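# A closer look at the structure
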Amino acid sequence: MPVTTLRGVGPKVADKLSRLRLRSVQDLLFHLPLRYQDRTRVVPIGSLQRGLEALVVGTIELTDAGYRGKRSLLCRISDGTGFLTLRFFHFSALQQQKLQRGRSVRAYGEVRFGPAGLEMTHPEYSVFEGEVEPEPESYLTAVYPTTEGLHQQSLRRLTEQALERYLEPLPEWLPPELLAELDMPSLRDALQEIHRPPDAATAELIIRGHHGGRERLAFEELLAHHLSLRRLRKQEQSHAAPTLASHGALLDALLAHLSFELTPAQRRVIGELRQDLRQPVPMQRLLQGDVGSGKTVVAAAATTCAVEAGYQVAVMAPTEILAEQHARNFAEWLVPLGVEVVTLLSRLNSKVRADALEALASARPVVAVGTHALFQEGVTFGDLGLLIIDEQHRFGVHQRLALREKGAHGNRRPHQLVMTATPIPRTLAQTVYADLDVSIIDELPPGRQTVETVALPAGRRVELVERIRSACLAGRQAYWVCPLIDESDHLQLQTATETQTQLQQALPELRISLVHGRMKPAARDEIMNDFKAGAVDLLVATTVVEVGVDVANASLMIIENTERLGLSQLHQLRGRVGRGAEQSSCVLLYQPPLSAQARDRIAAMRESNDGFEIARRDLEMRGPGELLGTRQTGIAHLRIADLVRDQKLLPRVQRIADLLLQRYPRHADAIIQRWVQQGEDYGNV
Ligand code: ADP
Ligand code: MG
C-alpha cells in the first residue's frame with residue numbers, strides 16, 4: 001500500500017518520504033525512531049538538571065521582554081519546588097500577553113543553564129487556567145530520522161495513522177509455534193511498543209538495542225536477507241554443472257613439482273573443493289584465508305581438476321598487477337605439466353589478445369588468467385568448467401552471478417570459487433554469504449615470522465632512514481607506502497613523488513623506485529618486476545601493492561598516514577612482508593593527534609597478526625558495510641538490524657530459515673518480499 005493512501009500525503013509529501021526510502025505504509029511502520037521524548041510525566045522543577053529534556057508545569061511568576069544583549073522574552077515559572085525561566089528570542093505581542101502572571105504553563109524542552117539559573121529556550125508550551133490542566137501523554141513521543149522540509153510532527157502524525165489503520169491487518173509471517181520457540185513478541189506488539197513505548201525504561205531498552213520488539217524486527221530482517229540468498233542459491237542449483245571427477249593425476253603432478261608442502265588446512269580445503277567439483281550442480285564456494293595463507297595454490301589445485309576433466313578455467317583478479325602475478329604463478333606451476341595458460345588483460349596488444357581469444361573460443365581446456373577483461377564483450381568460452389574470483393569482497397552477489405552467466409553453456413553453469421583475504425566470522429559469513437558454502441584456511445605456511453609492528457608519529461620519519469639503509473644493505477628490500485586517499489588528488493601523488501626524492505637524497509646508495517596507480521601499466525609492471533627481481537631496494541608506492549604482490553625478500557613495510565586507513569587494509573599491506581624466513585617489521589607512521597578510533601586501530605594492529613581477529617575488530621569498529629565493501633550492499637544496508645550488534649541472532653536466523661522453508665515455504669517468500677527490495681538493494685550488476 002503506497003504512502004499516498006494515508007490522509008495528508010499528496011505527491012509533495014510522498015516525494016519527501018521517498019527521500020527517506022519510505023514508499024509504502026509498511027516502510028513507514030518500519031521507519032524506527034532515533035530516540036524518544038518523555039511527555040508522560042511532569043518533572044518537578046526542583047529536580048531538573050541541565051541537558052535533560054523534560055515536561056514541566058508551573059505558575060507564571062513574571063513575564064518580561066528584556067533587551068540586554070539580544071531582545072528576548074523571559075517567562076519565569078515556579079511549581080513550589082523551584083524556578084525555571086522560559087526564554088524566547090522570537091515572540092509576538094500576543095504571545096507575551098498570553099503568558100500572563102498567575103496563569104499556568106505546561107512546557108517541554110531541554111534544560112540549560114543560563115544567566116538566571118535553569119532555563120528552556122523556545123520550549124513547546126501551552127498556557128492554561130488552573131483547573132483545565134491537560135493530561136500528560138500516555139506514550140513516549142518518538143523522534144524519527146527525517147529529511148529537510150518534513151516536520152517531525154508530520155512524520156509522527158503519519159505513523160500514528162499507520163499504526164491505527166494498518167497495524168492490525170499487517171500479516172504476521174512467523175507462525176506462533178516459531179515465535180514461541182524464539183520467545184519473541186508478535187510483529188504488531190513489537191511495532192506498537194517501538195513507536196509508542198509506554199515508559200522510559202522500555203524506550204531505554206529499545207535505544208540500547210536490548211528490546212525484544214526491536215530484536216524481533218532485526219531478526220525478521222536478517223531472516224529475509226538470509227532466505228533471499230538461499231533462494232538465489234537454490235535457483236543456481238537448478239542449473240547443471242560439469243562433473244569434474246578427475247583422478248587427480250594432474251593434481252599429484254602439481255604437488256610433486258611444488259617447492260613446498262601444503263599445509264593441512266590447504267589440503268583439507270582442496271578436499272572440500274574436489275568433493276564439490278564432482279557434483280553435477282555448480283559449486284558456489286567462498287574460500288576465506290588470511291593474507292599469505294596460500295590461497296593461490298589451492299586455486300591452482302582446483303584448476304587441475306577441471307583441466308584434467310577437459311574443461312576450461314577462468315581466474316579473475318581485481319587488478320592488472322595481481323592478474324599478472326597469478327598468470328606467472330599459474331604458468332610456472334601448470335605449463336610444465338602440459339597445461340595451456342593464457343593471459344587476458346585490458347592492455348594487451350591485439351596479437352596476444354587475439355591468440356588468447358582464439359584459445360578460449362576453442363574447446364581446448366585452457367586456463368585463462370586476467371582481470372575483468374576476461375568477461376568483456378568479444379570473449380567467448382568454448383567450455384568453461386570453473387570460474388575462480390580472487391578478492392571477492394569487491395564483487396556483489398549479482399555481479400558474481402552475472403559472471404557465471406557469461407560462462408553458461410545451455411543449462412550448464414561453471415563451478416565457482418571466490419577467494420577473500422578479509423575473513424569474517426563463520427556465522428556471519430553463513431548469513432551474508434548464504435548463497436555460498438564457506439571453506440577456511442586457518443593456518444599459515446610454516447616458518448612464517450610474526451611481523452613486528454610499531455607505530456611512530458610522522459615527525460620521527462628520519463629515524464627510519466637508518467633502518468631502511470641497514471636492512472637494504474643487508475640484502476633485504478622495503479616498501480614505503482604513501483596511501484592515496486583520493487586517486488584523483490594531485491597533491492597526494494606529489495607527496496609520493498617528493499617522498500621518493502627525499503628518500504633518494506638521504507639514501508644515495510639505494511635503488512629507489514616509485515609506483516602509483518596513474519602510471520602506464522607497462523611502466524608500473526617494469527618497476528614491479530625489477531622489485532621482484534631484487535633490482536630495486538626500496539619501493540615507494542601508493543596503495544597499489546595492497547592487493548597481493550608477493551616478494552618474499554621484502555622484510556620492512558613503512559606505511560604513512562596510517563590513521564586514514566581501515567584496519568583490514570592495514571593488515572593487507574602488512575601482509576606484503578613476513579613472507580620469507582627473515583624477521584620482518586611494519587612501521588605505522590601517523591599524524592598526531594590521533595583520534596580515539598585511529599588509536600584503537602593501531603593498538604589492534606600491534607596486538608594481533610591474525611587476519612580473522614583483525615577482521616573481527618574491523619567489523620566492530622567500522623561495521624559490515626565498510627568491511628564487506630560498498631558494492632556488497634545487499635545485506636550491508638540493513639534498515640533495522642545491525643550485523644555487529646545483532647550477531648547473536650545469526651545462529652537462530654539459520655535455524656528458523658530451515659524450519660520455515662520446510663514447513664512454511666510461502667511465508668518465507670512473503671518475508672523476503674517484505675524486506676528485500678530485489679534489484680534496488682543488491683545494486684546493479
Ligand atoms: P594469499 O592467500 O594471500 O593469496 P598466496 O597464495 O599469495 O597467499 O601465498 C603466499 C606465498 O606463500 C606464496 O609465495 C606461495 O607460493 C607461498 N605458499 C603457499 N602455500 C605454501 C606452503 N604450504 N608452504 C610454503 N609456502 C607456501
Ligand atoms: Mg592472494
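Note that the structure is a prediction, hence the values are computed from the model and not measured. (Residues numbered from 1 in each chain as written. Chains lettered and ligands numbered in written order. Predicted model: local features only at pLDDT ≥ 70, side-chain atom pairs only at ≥ 80, totals over all residues. Heavy atoms only, no water.)

### Side note on the domain arrangement of the protein chain
Domain annotation of the protein chain identifies domain 1 (3–36 + 145–208), domain 2 (41–136), domain 3 (249–441) and domain 4 (452–608). Here the C-alpha centre of domain 4 lies 61 Å away from the C-alpha centre of domain 2. (Domains from an automatic or database assignment.)

### Observations regarding the site of ligand 1
Looking at ligand 1, there are 16 residues lining it, with Glu261, Gly292, Thr296, Arg448 and Asp550 nearest. In this structure, Gly292 approaches ligand 1 through a main-chain N or O atom, which is 2.6 Å from an oxygen atom. A distance of 2.8 Å separates an oxygen atom of ligand 1 from a polar atom in the side chain of Lys295. Contact with the protein chains hides 83% of the accessible area of ligand 1, taken as 570 Å² for the molecule alone. The cavity that encloses ligand 1 is the largest pocket. The residue makeup of the shell around ligand 1, split by class, is four nonpolar, six polar and six charged. (Near = heavy atom within 4 Å. Polar contact = N/O pair within 3.5 Å; in protein donor to acceptor, adjacent residues only side chain to side chain. Areas by Shrake-Rupley, 256 points an atom, 1.4 Å probe, with all protein chains shown as cover. 1 Å grid on protein atoms, 1.4 Å probe; cavity = no way out; pocket = protein on both sides within 12 Å on 5 of 7 lines; lining within 4 Å. Sits in = over half its atoms within 2 Å of the grid points. Nonpolar A, V, L, I, M, F, W, Y, C, P; charged D, E, K, R; others polar.)

### A few points about the side chain of Gln477
Turning to its location among the elements, Gln477 is positioned in strand E17 (residues 477–481). Taking relative accessible area as the criterion, Gln477 reaches 3% and is therefore assigned buried. For Gln477, the side chain forms a polar contact with the main-chain oxygen of Phe531, separated by 2.7 Å. A polar side-chain atom of Gln477 sits 3.0 Å from a polar atom in the side chain of Asn553. In this view, Gln477 contacts Cys472, Phe531, Gly534, Val536, Asp537, Val551, Asn553, Ala554, Ser555 and Leu556; residues no more than four positions away in its chain are not counted. (Helix = DSSP H or I, 4+ residues; strand = E, 2+ residues; numbered from the N terminus. Buried < 20%, exposed > 50% of the residue type's maximum accessible area, 1.4 Å probe, protein only. Contact = heavy atoms within 4.5 Å.)

### Side note on the sheet that holds strand E12 (residues 367–370)
Across the sheet, which stays open at both edges, the seven strands sit in the order E11-E12-E10-E13-E14-E9-E15 with parallel pairing between neighbours. Looking at which strands have only one partner, the edges of the open sheet turn out to be strand E11 (341–344) and strand E15 (437–441). Adjacent strand axes in the sheet meet at a mean angle of 20° when their direction is disregarded. The sheet contacts of helix H13 (residues 350–361) involve strand E10 (312–316), E11 and E12, and relative to E11 the element is tilted by about 125°. (Pairing = 2+ DSSP bridges. Axes fitted to C-alpha atoms, helices over the stretch in contact; angles between N-to-C directions.)

### Section: helix H19 (residues 567–574)
With seven of eight residues buried, H19 lies mostly within the body of the structure. Considered for burial, the residues of H19 that qualify are Leu567, Ser568, Leu570, His571, Gln572, Leu573 and Arg574.

### Quick look at the pattern of salt bridges
Close approach of charged atoms lets side chains of opposite charge pair. The tally for this structure, following the rule as stated, stands at 39 salt bridges. Notably, a salt bridge pairs Arg413 with Glu405, separated by 2.9 Å at the nearest N-O pair. For the salt bridge of Arg616 with Glu620, the shortest nitrogen-to-oxygen distance reads 2.9 Å. Of this pair, Arg616 and Glu620 both sit in helix H21 (residues 611–622), four residues apart, roughly one helical turn. Judged by relative accessible area, Arg616 falls into the partly exposed class, the value being 34%. Linked through salt bridges whose partners overlap, the residues forming this network are Arg268, Glu272, Asp276, Arg285 and Asp442. (Salt bridge = Lys/Arg side-chain N within 4 Å of Asp/Glu carboxyl O.)

### As for the layout of surface pockets
Space inside the largest pocket adds up to approximately 870 Å³. Lining the largest pocket are 37 residues, and of these Gly294, Thr296, Arg448, Asp550 and Arg579 sit closest to its centre. Of all the secondary-structure elements, those providing two or more residues to the lining of the largest pocket are helix H11 (295–308) and helix H12 (320–334). For the lining of the largest pocket, the element with the most residues is H12, which contributes seven residues. Of the residues in the lining of the largest pocket, the class split is twelve nonpolar, 14 polar and eleven charged. Residue contributions to the lining of the largest pocket reach at least three from each of two domains, namely domain 3 (249–441) and domain 4 (452–608). (Points joined across faces, edges and corners; volume = space filled by probe spheres on them.)

### Some points on H11
Compared with the 20 Å implied by 1.5 Å per residue over 14 residues, the 20 Å span of H11 between its first and last C-alpha is a close match. Most of H11 sits inside the fold, with twelve of its 14 residues counted as buried. All of the buried residues along H11 are Lys295, Val297, Val298, Ala299, Ala300, Ala301, Ala302, Thr303, Thr304, Cys305, Ala306 and Val307. Taken from the residues just after H11, Gly310 is the one with a positive phi, measuring 95°. (Expected span 1.5 Å × (residues − 1).)

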